[in-house]
Amino acid sequence: MHGPTDLWNPDNAIYDDGEWITWTEINSHLERLEFESRFPDLSVDLVPIFQKLLDLAIEYYELTGRHLQVYGDLGELYGAIRYDLQLHRNYAQGSDGRIGNDFVEVKTITPFKSNDKITLNLKRNFSKVLIVKVDECFEVQGKLIRRKDLPKSTGDLLSIDWADFD
């Protein structure tokens, strides 16, 4: 039977405060700190959940050729992770969440959509819109747009294209 001292030694760990700490744990912690310093608003704890949901969508698509209806949730999680979007409760009226004092509407472009357009209901209460795009390779990116930067519209619905905003 082998104990921890048989597996860990100064070549692969540090003995500190009565326990062994592996270099893998140290490096993982340092990578996380570096990642958090590069993206200070990032909600790192949600990343594994987001990744599992995205992986599940990919796996299901590869197995069946069909898409799970999870892309709206992926878009909202992306907003929570990348922009610190504080989501409202499910089915709340008006907007999907808040970033600081701004109400945010999240619209997700799915990998099976034939174009990169989204439609906004201008009656809803939002000051920013987050467009999240999940492309056919399941790569995810987002664009946060202020409502005042949207094209003027006389109706209640506004259709905009992903490519119109940088």
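Above: the structure in question.
Now for a description of the structure that goes with this document. Since the structure is predicted, the reported quantities are computational estimates derived from the model, not experimental observations.

**Comments concerning helix 4 (residues 71-83)**
Then, in step 1: With 13 residues, helix 4 ought to run about 18 Å at 1.5 Å a step, and its terminal C-alpha atoms sit 17 Å apart, in line with that.
Then, in step 2: In the segment just after helix 4, Asp84 is the residue with positive phi, at about 60°.

**Considerations on the sheet that holds strand 5 (residues 102-109)**
Then, in step 1: Read across the sheet, five strands follow the order 3-4-5-7-8 without closing on themselves; strand pairing throughout is mixed. Each end of this open sheet is capped by a strand with a single partner; those strands are strand 3 (86-87) and strand 8 (140-146).
Then, in step 2: As judged from the three bridges shared by strand 4 (residues 97-99) and strand 5, these two strands associate in the antiparallel manner. Directly across from Ile99, in strand 5, lies its bridge partner Asp102.

**A short note on the layout of surface pockets**
Any empty space left between atoms is shown by rolling a water-sized probe over those atoms.
Then, in step 1: Looking at the second largest pocket, its volume works out to about 170 Å³.
Then, in step 2: Lining the second largest pocket we find Gly72, Glu76, Asp96, Glu105, Val106, Lys107, Thr108 and Arg124.
Then, in step 3: Of all the elements in the fold, those that place two or more residues in the lining of the second largest pocket are helix 4 and strand 5.
Then, in step 4: Looking at the lining of the second largest pocket, the element that brings in the most residues is strand 5, giving four residues.
Then, in step 5: Looking at side-chain class alone, the lining of the second largest pocket contains one nonpolar, two polar and five charged residues.

What counts, and at which threshold
- Residues numbered from 1 in each chain as written.
- Predicted model: local features only at pLDDT ≥ 70, side-chain atom pairs only at ≥ 80, totals over all residues.
- Heavy atoms only, no water.
- Helix = DSSP H or I, 4+ residues; strand = E, 2+ residues; numbered from the N terminus.
- Expected span 1.5 Å × (residues − 1).
- Pairing = 2+ DSSP bridges.
- 1 Å grid on protein atoms, 1.4 Å probe; cavity = no way out; pocket = protein on both sides within 12 Å on 5 of 7 lines; lining within 4 Å.
- Points joined across faces, edges and corners; volume = space filled by probe spheres on them.
- Nonpolar A, V, L, I, M, F, W, Y, C, P; charged D, E, K, R; others polar.

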